[in-house]
Structure formats: C-alpha cells, structure tokens
Amino acid sequence: MDTKLTLKLNSNSITKAKQYSSMHNISVSSMVEKFFDGLTVNSIKKEEFKYSSIVSELSGIISVPDDFDIKEAYLERLESKYE
C-alpha cells in the first residue's frame, strides 16, 4: 500500500530532481523510495542478508592465515610492481 509523504525541499533541489526524473523516465517518488531503500539496506543484519548463489558458492574458497596483513601485502605488491 502506498502512503503519501510531504517533503519540504528548496526549489533548486526540486527542479533538479524533476529534470533528472524526466531524463531517466522515473518518477520523483520512485527516486525517493529507492534512495530510502538504499539507506536501509545497510541496516539489515548480516544474518538477514541473502547473498546471491554465486557469492555463496565462492565464499570460503580462499583461506588466509589469521595474521595475514592485507595492507602490508598490498604495499609489497605495489613496491614490486613499480621497482
């Protein structure tokens, strides 16, 4: 069920939003809804989030030691690349 929401924005922002929505053939309401959905996706607990089947399948293929320092490894790689 859709519910009406009134927002108070400056006229310049509204004009830009309407231009963008027109160029991309999407309503301003849909843009706002997608924006809010994007904000709340980060608040979902990890246990509730479902990865795609490919990600789940690949998860755990590579194992690294507990003391592996990724920043140090990256630095070493850059240094060897540009020697």
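Note that the structure is predicted; figures quoted are calculated from it, not measured. Every chain is numbered independently, its residues counted from 1 as its sequence is written. At least 70 in pLDDT is required for a residue's local features to be given in this predicted model, at least 80 for side-chain atom pairs to be given and counted, and no such filter applies to totals for whole chains, interfaces and linings, which use all residues. To get the side-chain values, all heavy atoms of the structure are used, and hydrogens and water are removed first.

J.: What is the right way to look at a nonpolar patch on the surface in this model?
T.: Patch membership requires over 30% relative accessible area and the absence of a salt bridge. Like charges are linked within 9 Å, and nonpolar side chains (Val, Leu, Ile, Met, Phe, Trp, Tyr) within 5 Å. Computed by Shrake-Rupley with a 1.4 Å probe, the accessible areas treat only the displayed protein chains as cover when residues are assessed. What counts as a salt bridge is simple: a side-chain nitrogen of Lys or Arg found within 4 Å of a carboxyl oxygen of Asp or Glu. A contiguous nonpolar surface patch, about 680 Å² in accessible area, is contributed by Leu5, Leu7, Leu9, Ile14, Phe35, Phe36 and Leu39. Starting at the N terminus, helices and strands are each numbered in turn, a helix being any DSSP run of H or I of at least four residues and a strand any DSSP run of E of at least two. With three residues, the single largest contributor to the nonpolar patch is helix 2 (residues 28–41). Within the fold, Leu39 resides in helix 2.

J.: I'm lost on the packing of aromatic side chains in this one. Help?
T.: Describing an aromatic ring pair means giving the distance of the ring centres and the angle of the ring planes. In this scheme Phe, Tyr and Trp rings, the latter by its six-membered ring, pair at centre separations within 6.5 Å, and the angle between planes marks the pair as stacked below 30 degrees, edge-to-face above 60, and tilted otherwise. Following the criterion strictly, the structure yields one aromatic pair and no others. Summarising the aromatic geometry, the rings of Phe35 and Phe36 are spaced 5.9 Å apart at their centres and angled 50° between planes, so their arrangement reads as tilted.

J.: Please clarify how a negative patch on the surface should be interpreted in this entry.
T.: Residues scored as positive are Lys and Arg, those scored as negative are Asp and Glu, and His as well as the terminal groups of each chain are ignored. Taken as the charge centre is NZ of Lys, CZ of Arg, CG of Asp or CD of Glu, depending on the residue. Together, Asp69, Glu72, Glu76, Glu79 and Glu83 give the surface a local cluster of negative charge. Its place among the elements puts Glu79 in helix 4 (residues 70–81).

J.: Sorry, what's going on with helix 1 (residues 11–23) here?
T.: For the α-helix, the turn length of 3.6 residues means that residues three or four positions removed from each other point alike. What a helix should span is 1.5 Å times the count of its residues minus one. With 13 residues, helix 1 extends 18 Å between its outermost C-alpha atoms, agreeing within 8% with the 18 Å of an ideal straight helix rising 1.5 Å per residue. The distance from a side-chain oxygen at the start of helix 1 to the backbone nitrogen of Asn12 is 3.1 Å, and the residue carrying that oxygen is Asn10. Looking one or two places after helix 1, you find Asn25, whose phi comes out positive at around 50°. In protein, a polar contact requires one atom able to donate a hydrogen and another able to accept it; more generally it is a pair of N or O atoms within 3.5 Å, and residues adjacent in sequence count only if both atoms are side-chain atoms.

J.: What is the right way to read the side chain of Ser21 from this model?
T.: If you trace the backbone, Ser21 turns up in helix 1. With a relative accessible area of 9%, Ser21 lands in the buried category. With near-sequence residues (within four places) excluded, Ser21 lies in contact with Ile26, Ser27, Val28 and Met31. Only protein chains enter the calculation, and the probe is 1.4 Å; a residue is then buried if its accessible area is under 20% of its type maximum, exposed if over 50%, and partly exposed in between. Here a residue-residue contact requires only that any non-hydrogen atoms of the pair lie within 4.5 Å.

J.: I would appreciate a short explanation of helix 4 in the present structure.
T.: Here helix 4 is 12 residues long and its end C-alpha atoms lie 16 Å apart, about the 16 Å a rise of 1.5 Å per residue gives. You can read the cap of helix 4 off the contacts: a side-chain oxygen lies 3.2 Å from the backbone nitrogen of Lys71, and it is on Asp69.

J.: I tried to follow the layout of surface pockets on my own but got confused; where do I start?
T.: The volume enclosed by the largest pocket comes to roughly 500 Å³. For the largest pocket, the lining is made up of 16 residues, of which Leu5, Leu7, Val28, Ser29 and Val32 are closest to its centre. Those elements that provide at least two residues to the lining of the largest pocket are helix 1 and helix 2. By residue number, the principal contributor to the lining of the largest pocket is helix 2, which donates six residues. Looking at the lining of the largest pocket, its residues break down into eight nonpolar, four polar and four charged. Grid points spaced at 1 Å over the protein atoms alone were grouped into cavities, where a 1.4 Å probe fits but cannot get out, and pockets, open sets with protein on both sides within 12 Å along at least five of seven lines, with lining residues defined by an atom within 4 Å of a point. Grid points are joined across faces, edges and corners, and a volume is the space filled by probe spheres set on the points. In this count, Pro and Cys sit with the nonpolar residues alongside Ala, Val, Leu, Ile, Met, Phe, Trp and Tyr, while Asp, Glu, Lys and Arg are called charged and the others, Gly among them, polar.

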